[in-house]
Amino acid sequence: MDAHGIVLALTGSDNLLLLLDAARALRRDLFRINDIARIDLLADPGEQLLVRLEPARAAALGITPESLAGQLAERNETVAGGSLEIDGRSLLVNPASDFENLEELLQTPIRTADGALIPLAEIASISLTAREPATERMWMDGRPAVGLGIVIPDNRINTVDFGRQVRAEIETLRGDYAPLAIEEMFYQPRWVEQRLSELGRSLTIGVVTVALVLLAFMGLRLGLVVASLLPLVTFSALALFAIGGGVLHQMAIAGMVIALGMLVDNAIVMVENLQWHLDRGRSRVEAGAAAVRELAGPLTTATGTTLAAFTPLLLAGGDTADFTRGIPIMVMLALSVSLVYALTVTPLMATALLKPGPARQASRFELIGRYLGERAIRHTSAILITSVVLIAASVVLWQWLPRDFFPSTDRNQLIVNLNFPEGTRTEHSGLAASGLAALLREREDVEAVQVFAGFSGPRFFYNLIEIPASPHLARLVVVSRHERDLAELMRVIRRMAPVEIPEAQVIAHRLGQGPPLDAPVEIRLFGNHPADLHEAALTVMGVLRTIPGAEDVRHKLGTGVPSLNFRIDAAEAARFGVSRAEISRLLADATLGRTFSTWRVGREPVEMRIRAPQGEQFPAMALAGLEVRVRDGSNVPLAQFVTAELVFQTALIEHRDLRRLTSVLAETADGTTYNSVLEQLFPTARCFQHYPSAWLCCWHCCSGNSTRFD
């Protein structure tokens with residue numbers, strides 16, 4: 001899924017519809033930039049034209065939401081009137097059958113039960129509002145905002161140049177949107193430029209270091225000949241990489257850094273051999289030809305074996321391979337180019353720069369090598385036994401080696417996810433998250449805190465998981481003064497959250513590399529009955545919490561959504577001639593409302609809805625007092641036909657391989673890998689085998705491995 005390389009926020013007003021209009025206009029203006037792939041509207045509050053019907057006044061006049069919706073819908077239709085032919089041209093006939101403004105809607109006549117006509121304004125009020133219930137909301141450092149997520153085309157343009165182009169365009173547009181402000185919330189080109197600059201410095205330092213080592217150990221002439229190959233191979237490999245459609249990113253440069261030490265091996269062997277022939281009296285041409293003839297086969301074979309070692313990494317599949325494939329590509333490309341240059345360019349340069357000399361005295365390193373070689377020949381058995389012991393010790397010690405393929409990033413950004421019980425409103429999630437954000441914003445080590453409610457926020461980092469339309473979810477993105485402050489901030493949030501937001505599950509973690517994951521450690525539990533899964537999840541969580549390094553342990557079984565069930569007395573309803581559908585529509589009209597038409601006056605079509613003034617704020621106990629029109633035309637309270645009861649129903653049921661599933665998740669502390677947590681968990685998990693078969697467990701982690709306990 002595409003990431004939002006640049007996220008902009010429109011702020012400066014508490015009126016979300018004003019911010020929405022500005023965001024839509026800015027999106028159109030930004031499409032002047034040809035290279036933009038897509039612009040997503042973030043935290044769209046939506047729009048609705050709300051007709052708030054006064055129930056008492058409407059009931060007295062015999063007007064129901066259904067009859068009112070029908071009358072308004074009939075007067076707000078776009079009807080094709082056909083066309084006329086006049087002097088060989090078509091004249092369109094357009095009956096103005098829809099409303100042109102709010103005043104016309106307020107004054108439209110409504111027929112009552114006795115046939116009288118009254119204006120709509122006498123029984124209802126009208127307003128253009130944000131959609132209800134609220135879906136997504138965001139705050140830019142405490143200020144309400146509507147955002148734009150700009151998607152940068154993958155592998156087609158220079159991200160850094162693209163970012164500068166967007167910034168320049170925004171600067172020209174700021175005055176047009178005043179007093180509203182256009183602010184950068186996230187800016188990926190900055191991190192791309194910083195990372196490439198760091199890796200570029202690493203590459204330069206690597207080249208210089210390798211060159212100094214060559215000069216120190218090979219001498220001035222031999223060292224210069226070999227060192228001259230470094231920039232030649234580096235730039236040639238980058239040129240071929242670009243010609244082949246490659247994109248310069250951190251993995252590609254990392255591969256080049258890895259290859260630095262290997263790409264000079266062929267040249268070292270070549271110049272040493274050529275110097276050897278020169279020292280024995282051969283001419284430059286003869287020495288060069290002899291060196292190439294003798295070493296072409298061995299060097300090609302040696303390079304081929306190295307390329308073969310990187311081939312599995314090149315051919316690997318999956319999310320991890322997509323992330324790391326740039327490394328083997330650059331290593332194999334650099335080694336192939338170095339082989340070609342070692343057999344062609346290096347002999348030419350060596351014959352021009354090297355001079356024949358007398359037989360050289362053995363250097364200190366050669367003397368050490370001769371001594372070690374002689375000792376190895378004299379004590380063959382001891383050397384072989386020592387080698388076997390070292391290999392065996394390596395195999396034994398391997399299990400204690402920490403393994404964590406994808407480390408956290410070095411960004412100064414912290415993700416804080418807040419999971420509230422199912423059924424929590426977006427407004428409540430956002431209010432609680434904003435309260436925590438305000439406390440964090442007071443700290444000196446915090447630069448900014450962005451808040452998103454009802455969804456997971458923009459996908460400003462490539463492996464963030466997008467979760468839309470989730471009112472019970474909120475997310476904070478905390479920007480610290482420095483990356484080293486994140487560890488302390490996570491500790492503070494873990495202490496603060498249970499006190500400030502006890503009803504929420506608060507998880508703080510760094511941005512991590514690699515494929516997207518819910519957590520570094522995931523334990524999947526399969527079972528047929530919810531009660532068994534719940535008991536199993538609690539038991540596994542108890543075990544995980546005893547393991548050092550496992551933090552923020554939680555499960556994905558929700559508490560359920562509270563539901564006010566109205567059980568209908570079928571016999572009583574039938575006696576009064578009231579159907580189940582009428583009762584359902586009555587409850588829906590009072591709380592959610594009834595959509596009846598589309599308002600087309602603005603640039604964007606807006607749904608028109610009728611409902612009671614209280615809407616979702618309607619008192620639960622008052623619902624039973626709503627009046628139902630029965631067969632004889634009289635109104636009877638809803639309580640005559642229904643009995644209300646409060647129950648909880650499951651909000652989410654997850655299945656895998658036709659079996660019910662839940663997961664236990666855990667984060668890992670700094671310095672702890674997921675593998676070290678699992679190694680302590682597996683021996684303990686064996687004791688779960690005595691539980692019922694409903695506790696069929698499958699253990700997963702970010703390595704993709706699993707172990708089953710049946």
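Everything that follows concerns the structure shown earlier in this document.
Computed from a prediction, not measured in an experiment: that's the story for all the values here.

Participant: Got a minute to help me understand the packing of aromatic side chains in this structure?
Facilitator: Each aromatic ring pair is described using two quantities: the centre-to-centre distance and the angle formed by the ring planes. Going through the model one piece at a time under the given rule, you end up with 4 aromatic pairs. On the basis of an interplanar angle of 5° and a centroid distance of 4.0 Å, the ring pair of Phe-186 and Phe-460 is categorised as stacked. Taken together, the residues Phe-186 in strand β11 (residues 181-187) and Phe-460 in the loop between β13 (446-453) and β14 (473-480) connect sequence positions 274 residues apart. Residue classification places Phe-460 among the buried residues on the basis of a relative accessible area of 4%. Residue placement shows Arg-167 over the ring face of Tyr-187; its charged tip is 3.6 Å from the ring centre. A cation over an aromatic ring shows up here: Arg-190 above the ring of Trp-191, its NZ or CZ 4.1 Å from the ring centre.

Participant: Which parts of the structure should I look at to understand the pattern of salt bridges?
Facilitator: When charged atoms on two side chains of opposite charge get close, those side chains can pair. Enumeration according to the criterion identifies 24 salt bridges in this entry. A salt bridge links Asp-29 to Arg-32, with the shortest nitrogen-to-oxygen separation between them at 3.5 Å. For Asp-40, the salt bridge identified is with Arg-38, shortest N-O distance 2.9 Å. Shared partners join several salt bridges into a network, and the residues in it are Asp-29, Arg-32 and Glu-169.

Participant: Sorry, what's going on with the sheet that holds strand β3 (residues 48-53) here?
Facilitator: Sheet strands associate in pairs through backbone hydrogen bonding, adopting either a parallel or an antiparallel arrangement. Taken in spatial order, the 4 strands line up as β8-β3-β20-β19 in an open sheet, and their pairing is mixed. Each edge of the sheet is formed by a strand with only one pairing partner; in this case those strands are β8 (124-129) and β19 (594-599). Recorded for the sheet is a direction-independent mean angle of 25° between the axes of neighbouring strands. Across 6 bridges, the pairing between β3 and β8 is antiparallel. Looking across to β8, one finds that Leu-50 is bridged to Ser-127. Together, β3, β19 and β20 (606-611) form the strand contacts of helix α3 (residues 65-74), whose direction differs from that of β19 by roughly 15°.

Participant: I keep staring at the pairing of β13 and nothing clicks. Help me out?
Facilitator: It is a general feature of regular strands that their side chains alternate between the two faces of the sheet. Counting buried residues along β13, 7 of its 8 residues qualify, which places the element largely inside the surrounding structure. The sheet contact formed by strand β9 (residues 137-140) and β13 spans 4 bridges and is antiparallel. Within β13, the residue paired with Arg-137 across the bridge is Ala-453. In terms of strand pairing, β13 meets β14 through 7 bridges, oriented antiparallel. In the sheet register, Ala-453 faces β14, and the bridge partner there is Ala-474.

Participant: How should the environment of Gly-549 be read in this particular structure?
Facilitator: Examined against the element boundaries, Gly-549 turns out to sit in the loop between α18 (530-544) and β17 (550-555). Among the residues examined, Gly-549 registers a relative accessible area of 18% and is labelled buried. Sequence separation between Gly-549 and Thr-673 is 124 residues, and the spatial gap between their C-alpha atoms is 8.1 Å. Not counting chain neighbours up to four residues away, the residues in contact with Gly-549 comprise Glu-667, Thr-668, Ala-669, Thr-672 and Val-677.

Participant: Teacher, can you tell me more about the packing of helix α7 (residues 220-227) against helix α8 (residues 229-243) here?
Facilitator: Helix-helix packing is described using two parameters, namely the angle between the two axes and the distance between the axes. At their nearest, the axes of α7 and α8 sit 5 Å apart, and the two run at 5° to each other. Classified by the angle their axes make, α7 and α8 are roughly parallel. Between α7 and α8, the residues in contact are Val-225, Val-226 and Ala-227 and Leu-229, Leu-230 and Pro-231, respectively. For the contact of α7 with α8, the residue count by class is 6 nonpolar, no polar and no charged.

What counts and what doesn't
Throughout this document, residue positions are counted from 1 along each chain, in the order its sequence is written. Reporting of local features is limited, given that this is a predicted model, to residues whose pLDDT is at least 70; pairs of side-chain atoms are given and counted only at 80 or more, and all residues count toward the totals for whole chains, interfaces and linings. Water and hydrogen atoms play no part in the side-chain values, which are based on all heavy atoms of the structure. Note on ring pairs: Phe, Tyr and Trp rings are taken, using the six-membered ring of Trp, and paired if centres are within 6.5 Å. Classes follow the plane angle, with under 30 degrees stacked, over 60 edge-to-face and the rest tilted. A run of DSSP states H or I qualifies as a helix once it reaches four residues; a run of E qualifies as a strand once it reaches two. Both are numbered from the N-terminal end. Throughout, exposure labels follow a simple rule: accessible area from a 1.4 Å probe, protein chains only, divided by the maximum for the residue type, with under 20% read as buried, over 50% as exposed, and the rest as partly exposed. Whether a charge sits over a ring comes down to the Lys NZ or Arg CZ being within 6 Å of the ring centre and within 35 degrees of the ring normal. The term salt bridge refers to a pairing of a side-chain nitrogen on Lys or Arg with a carboxyl oxygen on Asp or Glu at a separation within 4 Å. When DSSP finds two or more bridges between two strands, those strands count as paired. Inter-axis angles, ranging from 0 to 180 degrees, are taken between N-to-C directions of lines fitted to C-alpha atoms, where helices are fitted over the stretch in contact. The criterion used for residue contact is that any of the two residues' heavy atoms lie within 4.5 Å. Here is the rule for angles: anything less than 35 degrees is roughly parallel, anything more than 145 is roughly antiparallel, 65 through 115 is roughly perpendicular, and the remaining ranges are oblique. Note that Gly is not counted as nonpolar here; it falls among the polar residues with everything else outside the nonpolar set of Ala, Val, Leu, Ile, Met, Phe, Trp, Tyr, Cys and Pro and the charged set of Asp, Glu, Lys and Arg.

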